[in-house]
Amino acid sequence: MRIAMLVPAPDYPEPWRWAYEPQSDALRASGADVEPVVWTDDRDFSRFDLILPLVVWGYHLDYPRWLRLLERAAGEGWPMINPAVLLRWNGDKAYLTELADRGVPTVPTLAVEQCCDEDLEEARRRFDSDWLVIKPPVSASAMGTHRIGPRDDLPEEGRGKPMIVQPLIEEIAVTGEFSLMLFDGEHSHTVVKRPRSGDFRVQEYLGGVTLPAAPPPGAIELAQQALAAAPATATYARVDIVPDNDGVLRLMELELIEPSLFLDHAPDGGAAFTRAILSAADRAGD
């Protein structure tokens, strides 16, 4: 079994092997031959049985190039997991509005094409919230994410650009954000991510902490509901869920491209992950 795992270009500034190695080691332990392949290289993938974009970090920095790669993957019939149609859909956070329209409880989301002060006022009225969060629709690791108070100006980096506007979920600072890992639609394990004091972003490089946790009641069902509403089946998924300020569980993000899967917190050591990936490879071969 030959697997190509897509990884960042050599000049990508952040370390990535901490994410790559637990996943590749789990697959190698089951006999797979895993090779890291830089996603920006124009490679011939015909010799691989499976292509995993699990560490395709930096795709948001060159999104047109990423879309071209997905177009090539679909056109040439690459055995890519997750499938290209799902990766393309998941790359733009405006998918949250689509999931909401399909009845999935999500964090309320307003997607705007050219963000301006009037959009913020509309969001405050719509969400009944003085405090907002804005972020680019194509982003990662809280890049370009800002908390905006009732007297704060719109940051210049967001003015006139496509943005996602949401109410600030204050409960994140207390309870945290739950990340559920599902493989072939079945729950494997959960972590909770909490921001440092005074912040709302949970990423560890910003001072957040990540701990193993039990999923809140109803969280697994919400995660499966969100995945069922996606346009294709996900072999691997991380589903980020938060309780809102009234305690209602809501989908924050559906991570189907290159999520950290926290296999170090998986009680089975990543066995469910490996089974799902290798089963997908067998189906692709058939």
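Residues numbered from 1 in each chain as written. Predicted model: local features only at pLDDT ≥ 70, side-chain atom pairs only at ≥ 80, totals over all residues. Heavy atoms only, no water.

## Side note on the overall build of the protein chain
No. 1: If you tally the helices and strands in the protein chain, you get 7 helices and 12 strands.
No. 2: With the C-alpha coordinates aligned to their principal axes, the bounding extent of the protein chain is approximately 55 × 40 × 35 Å.
No. 3: For the protein chain, with 286 residues in total, the buried portion stands at 55%.
No. 4: Residue pairs in contact within the protein chain that sit at least 24 positions apart in sequence constitute 67% of those at least 6 positions apart.
No. 5: If you sum the accessible surface of the protein chain, you get close to 12900 Å²; carbon and sulfur atoms cover 48% of it. (Helix = DSSP H or I, 4+ residues; strand = E, 2+ residues; numbered from the N terminus. Buried < 20%, exposed > 50% of the residue type's maximum accessible area, 1.4 Å probe, protein only. Contact = heavy atoms within 4.5 Å. Areas by Shrake-Rupley, 256 points an atom, 1.4 Å probe, with all protein chains shown as cover.)

## Here's the deal with the sheet that holds strand S1 (residues 2-7)
No. 1: Taken in spatial order, the 3 strands of this open sheet run S2-S1-S3, and their pairing is parallel. Here the strands that pair on one side only, and so sit at the sheet edges, are strand S2 (33-38) and strand S3 (50-52). With strand direction ignored, the average angle separating the axes of adjacent strands in the sheet is 25 degrees.
No. 2: Strand direction decides the pairing type here: S1 and S3, joined by 3 bridges, are parallel. Across the sheet, the residue bridging to Ile3 is Leu50, located in S3. (Pairing = 2+ DSSP bridges. Axes fitted to C-alpha atoms, helices over the stretch in contact; angles between N-to-C directions.)

## Describing the pairing of strand S5 (residues 132-135)
No. 1: Side chains Leu132 and Ile134 project from S5 onto one buried face, and the interleaved Val133 and Lys135 project onto a second face that is buried too.
No. 2: One ladder, built from 3 bridges, connects S5 with strand S6 (residues 146-148); its direction is antiparallel. Residue Ile134 lies in a different strand from S6, and its bridge partner there is His146.
No. 3: The pairing of S5 with strand S7 (residues 163-167) spans 4 bridges and is antiparallel. Bridge pairing in S7 places Lys135 opposite Ile164.

## Section: the pattern of salt bridges
No. 1: On inspection of all chains with the given rule, the structure shows 20 salt bridges.
No. 2: Where Arg2 meets Asp49, a salt bridge forms, and the shortest distance between an N and an O atom there is 3.5 Å. You can see Arg2 sitting in strand S1 and its partner Asp49 sitting in the loop between S2 and S3, a full 47 residues away along the chain.
No. 3: Between Glu255 and Arg238 there is a salt bridge whose closest N-O contact spans 3.7 Å. Of this pair, Glu255 sits in strand S12 (residues 249-255) while Arg238 sits in strand S11 (residues 236-243), and the two are 17 residues apart along the sequence. (Salt bridge = Lys/Arg side-chain N within 4 Å of Asp/Glu carboxyl O.)

## Some details on the packing of aromatic side chains
No. 1: Across all of its chains, the model carries 10 aromatic pairs by this definition.
No. 2: Here the aromatic rings of Phe45 and Phe48 are separated by 6.1 Å at their centres, their planes lie at 45 degrees, and the arrangement is tilted. An identical accessibility class is assigned to Phe45 and Phe48; each is buried.
No. 3: Judged by centre distance (5.5 Å) and plane angle (45 degrees), the rings of Tyr59 and Trp66 are tilted. (Phe/Tyr/Trp six-rings, centres within 6.5 Å; stacked < 30°, edge-to-face > 60°.)

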